[in-house]
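Single-letter residue listing:
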Amino acid sequence: MSDLTPGRSFDNVVRHHLSEAGGHVLVCSVGYTTHTNEQLHLRKFFKFQVTNPLAIEANVTPIPNGYLVSAEMTNQTSAALFVEQLEFSPDAAFTVQEISRQSMTSVPLPNFELPALPIIRPSGTRQALFRLQYASLASPDLTSSTLGSLKLQWRTQLGATGVHTTDALRITPRNSKPVHLLISKVPAVLRLKKAFVVEVQVINNTEDTIIPRVSMAKQQKSGASAISVIGAGGKSLKPIPSFGRSSFELVLLPLEPGLQVLTGIRLHDSLSDQTYEFNNLMTLLVERE
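Cut-off values and rules
Residues numbered from 1 in each chain as written. Predicted model: local features only at pLDDT ≥ 70, side-chain atom pairs only at ≥ 80, totals over all residues. Heavy atoms only, no water. Helix = DSSP H or I, 4+ residues; strand = E, 2+ residues; numbered from the N terminus. Buried < 20%, exposed > 50% of the residue type's maximum accessible area, 1.4 Å probe, protein only. Contact = heavy atoms within 4.5 Å. pLDDT = per-residue confidence, 0-100. Polar contact = N/O pair within 3.5 Å; in protein donor to acceptor, adjacent residues only side chain to side chain. Core = buried A, V, L, I, M, F, W, Y, C linked by side-chain atoms within 4.5 Å. Salt bridge = Lys/Arg side-chain N within 4 Å of Asp/Glu carboxyl O. Patch = residues over 30% accessible without salt bridge, like charges linked within 9 Å, V, L, I, M, F, W, Y side chains within 5 Å. Areas by Shrake-Rupley, 256 points an atom, 1.4 Å probe, with all protein chains shown as cover.

What follows deals with the overall build of the protein. Along the backbone of the protein there are 0 helices and 22 strands. When each of the 289 residues of the protein is scored for burial, the buried share is 34%. Summarising the internal contacts of the protein: among those between residues at least 6 apart in sequence, 66% fall at separations of at least 24.

So this is what it looks like as structure tokens:
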């Protein structure tokens, strides 16, 4: 560094990537020698708060063979931010696909506004939607408790860049019950008062063989489901060995339009005399004619 004559100043720009939000302390330390060869030292501390320029809120919805992850990004700064990259890094048990505006019609959820990502203005928000499917549909890993994480990279108007990676999105493993029901196939479009067929897998997570009978649980009128099961009297299935699985079909009739929850499915094992009830199996979008 050159000498500083009286009245001169020295400016220096130091860049450092901050990976954590919250309180930080910047320590500036300067060592210098006077004209009398005296060595002196100067240190100053600057406290400041760091927040994420872009806040990310993620919502997870179960779907057949996987999950939908809706990510909403909010610009918390006073200037526009340019989004350069948004990606979802899935857990090893899943594969991921970003859903575009054109393919939204095949997804059983309400319409999402998915504008192009490049610019998010101050206090503005943008959404992105990802579909995660089990990497092996024939033998899905139902023990996974995480889906993966979102990575977002942006640039300010002055050219400074930033990266934010969320914590891993956690879920309740689908094999948390001794016997589990998994909706494995559902039509892309569901119409009001038009019967449709869904494929359901019964997964035996116990060490014993089960002989299941599937029926609808009795519901109070105030909590009755807007999706009725045709043949709700019951259906007996073949024995399922320990840690095995079996598939069957349910014929459903939607009675109300909009987002409806498939709920109230009961499974009784005649060998152990155990009964399992399954609520909120999945959310379905029912459209009017």
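Okay, the confidence of the model for the protein next. Averaged over every residue, the pLDDT of the protein is 81; residues scoring 70 or more account for 86%. Highest mean pLDDT in the protein belongs to strand β20 (residues 265–269) (91); lowest belongs to strand β16 (residues 227–230) (83).

A word on the side chain of Thr206. Relative to the helices and strands, Thr206 is located in the loop between β14 (196–204) and β15 (212–216). A polar contact is formed between the side chain of Thr206 and the side chain of Asn204, at a distance of 2.6 Å. In this structure Thr206 touches Pro178, Ser242 and Phe243, once residues within four positions along its chain are discounted.

Looking at the secondary structure, you find Gly31 in strand β1 (residues 22–33). Judged by its relative accessible area of 61%, Gly31 falls in the exposed class. Spatially, the C-alpha atom of Gly31 lies 6.3 Å from that of Leu42, the residues being 11 residues apart in sequence. Not counting residues within four places of it along the chain, the set of residues in contact with Gly31 comprises Leu40 and His41.

Attention now goes to the nonpolar core. Grouped burial of nonpolar side chains is what soluble globular proteins tend to show. Counting 27 residues, the largest nonpolar core has Leu181, Val198, Val202, Leu250, Leu252, Ile265 and Leu267 as the members making the most contacts within it. Listed by contribution, the elements that provide at least two residues to this core are β12 (179–185), β14, β15, β16, β18 (245–254), β20, β21 (274–278) and β22 (282–287). With 4 residues, the top contributor of residues to this core is β14. The residues contacting Val202, other than those within four sequence positions of it, are Val179, His180, Leu181, Ile210, Leu237, Ile240, Gly244, Arg245, Ser246, Phe248 and Leu267.

Before going further, it helps to examine the pattern of salt bridges. Overall, the coordinates contain 3 salt bridges when judged by the stated rule. Across the pair Glu84 and Arg155 runs a salt bridge whose closest N-O atoms are separated by 2.6 Å. Highlighted residues: Glu84 in strand β5 (residues 81–90) and Arg155 in strand β9 (residues 146–155), separated in sequence by 71 residues. Of the residues examined, Glu84 reaches a relative accessible area of 40% and is grouped as partly exposed. By relative accessible area, which is 32% here, Arg155 ends up partly exposed. Residues Glu277 and Arg266 are paired through a salt bridge, measuring 2.6 Å at the closest nitrogen-oxygen approach.

Taken together, Leu18, Leu26, Phe46 and Phe48 make up a surface patch of nonpolar side chains, about 340 Å² in accessible area. Mapping Leu18 onto the fold places it in the segment before β1. For Leu18, a relative accessible area of 35% puts it in the partly exposed group.

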